[in-house]
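Residue-level listing of the chains:
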Amino acid sequence: MVFLGFKPSKAKKGYFTDSHNRADVVAYRDSAFLPAMEVYERRMGHYSGAHLDVFNPPDLQEGEKRVVHITHDESTFYCNEGRALYWMELDRSKMKPKSLGASAMLSGFTCACHGFMRLEGSELRSYQLFLAGKNREGWFTNDDLVKQLKSLFPMFEQLHPNCDLLFSFDNSMSHHKRAPDGLDATLMPLKDGGKNCPLMKATTWTDAEGQVHEQSMQTNNGSAKGLETVLQERGLWRVNMRLICGDCKDQCMGEERRVKWAD
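So, how was this worked out
Residues numbered from 1 in each chain as written. Predicted model: local features only at pLDDT ≥ 70, side-chain atom pairs only at ≥ 80, totals over all residues. Heavy atoms only, no water. Helix = DSSP H or I, 4+ residues; strand = E, 2+ residues; numbered from the N terminus. Buried < 20%, exposed > 50% of the residue type's maximum accessible area, 1.4 Å probe, protein only. Contact = heavy atoms within 4.5 Å. Areas by Shrake-Rupley, 256 points an atom, 1.4 Å probe, with all protein chains shown as cover. Pairing = 2+ DSSP bridges. Disulfide = S-S within 2.5 Å.

Moving on, we come to the overall build of the protein chain. Secondary structure summary: the protein chain contains five helices and nine strands in total. When the elements of the protein chain are put in sequence order from the N terminus, they spell out α-β-β-β-β-β-β-α-β-β-β-α-α-α. Looking at the protein chain as a whole, 21% of its 263 residues are labelled buried. Summarising the internal contacts of the protein chain: among those between residues at least 6 apart in sequence, 51% fall at separations of at least 24. Counting every atom, the protein chain has about 20,600 Å² of accessible surface; 54% of that belongs to carbon and sulfur.

Here's what the structure looks like:
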C-alpha cells in the first residue's frame, strides 16, 4: 500500500479540512483578512505588565471608537473523558468504560477585558451549558447560536459603552449560516420553479460598463428563478451549459482548474 502511495491514518469525526496553504486561502488572508485586522487592532488597545493586568488604551483619532474583540468558541465534555495515566498497585489494572458517556457542551463568548462576562445582580452569563443528545436538549444548531448571541447583546453593550464590537466565531456550522432568504447558488436548480429551492431575496450585479443592476430572484408568478434564467439576464448564459461540469465532478480546484482552463 505504501508503494502505491497510501499511508495509514485514523478516521476522525469532524468538519475541518486543513487547507490553510491553499492558494486562494493565502491570497484572501494576505489581501483582505490581515489588512482588515490590522485596522481593527490599531483601535483595540492592549495589555502589558508581568500579569498582563495593565491596560494601554488605543490612540484614537477624532470620531473613532475603541474596538473590543469578542471571541466565541464551544467545547464538548464527556462523563467518561479522563486521563490515560493512573497510579495503580502492582497487580491491579483499571477497567475504563467502553463509551464516553453523556456529554455537555459549553458555548461561550469572551473578551480580553472581562474574560467570560456577567452583569452584577443578574443571572445572565456570556456562556451557556447545553446538554446534547437525542433524549436531552437535542443538538446545538445555528439557530441556538443566534438566539444566544441576541440575548447577550445588551450585556456586551453595557460592559463596553461607546465601543465598537468585533465578533469572531469558531463554529464550523455558523460559517455557512445564511438568512432564510439568503443567496445560495448551490441550492438553485438549472430551471425555474424548483420544488426544493427557497425563495431568495433580490440582489444586484455590475455590468462591464460599471452600471449596477437590481435583479429579482423570483419569476413574475412568484416561483424561484433557476440558474439559467439568472445567467441569461446577466448576459452570461452559454448554450449547452450544465449544472455540474466535468471539472466539478473531477473536483478540480484552484490552480489545477485554472491551468486546465488555460489549456
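From this point, the discussion proceeds with the structure in view.
Turning next to the environment of Asp 181. Of note, Asp 181 is situated in the loop between strand S7 (163–169) and strand S8 (203–206). Put simply, Asp 181 and Pro 198 are 17 residues apart on the chain and 7.0 Å apart in space, counted from C-alpha to C-alpha.

Moving on, we come to the pairing of strand S4 (residues 103–111). Extensive coverage of S4 is indicated by the burial of seven of its nine residues. Inspection of the sheet shows strand S3 (residues 66–78) paired to S4 by nine bridges, in the antiparallel sense. By the bridge assignment, Thr 71 is partnered in S4 with Thr 110. Relative to strand S6 (residues 127–130), S4 runs antiparallel, the two being bridged by four bridges.

For the structure on display, the rule yields zero disulfides. A disulfide-free cysteine, Cys 111 has its sulfur positioned 3.5 Å from the sulfur of Cys 113, the nearest such atom.

So, on to the environment of Asp 184. Here Asp 184 shows up in the loop between S7 and S8. Among the residues examined, Asp 184 registers a relative accessible area of 11% and is labelled buried. Along the backbone, Asp 184 and Met 200 are 16 residues apart, and their C-alpha atoms lie at a distance of 8.1 Å. Dropping the residues within four chain positions of it, Asp 184 is found in contact with Arg 178 and Met 200.

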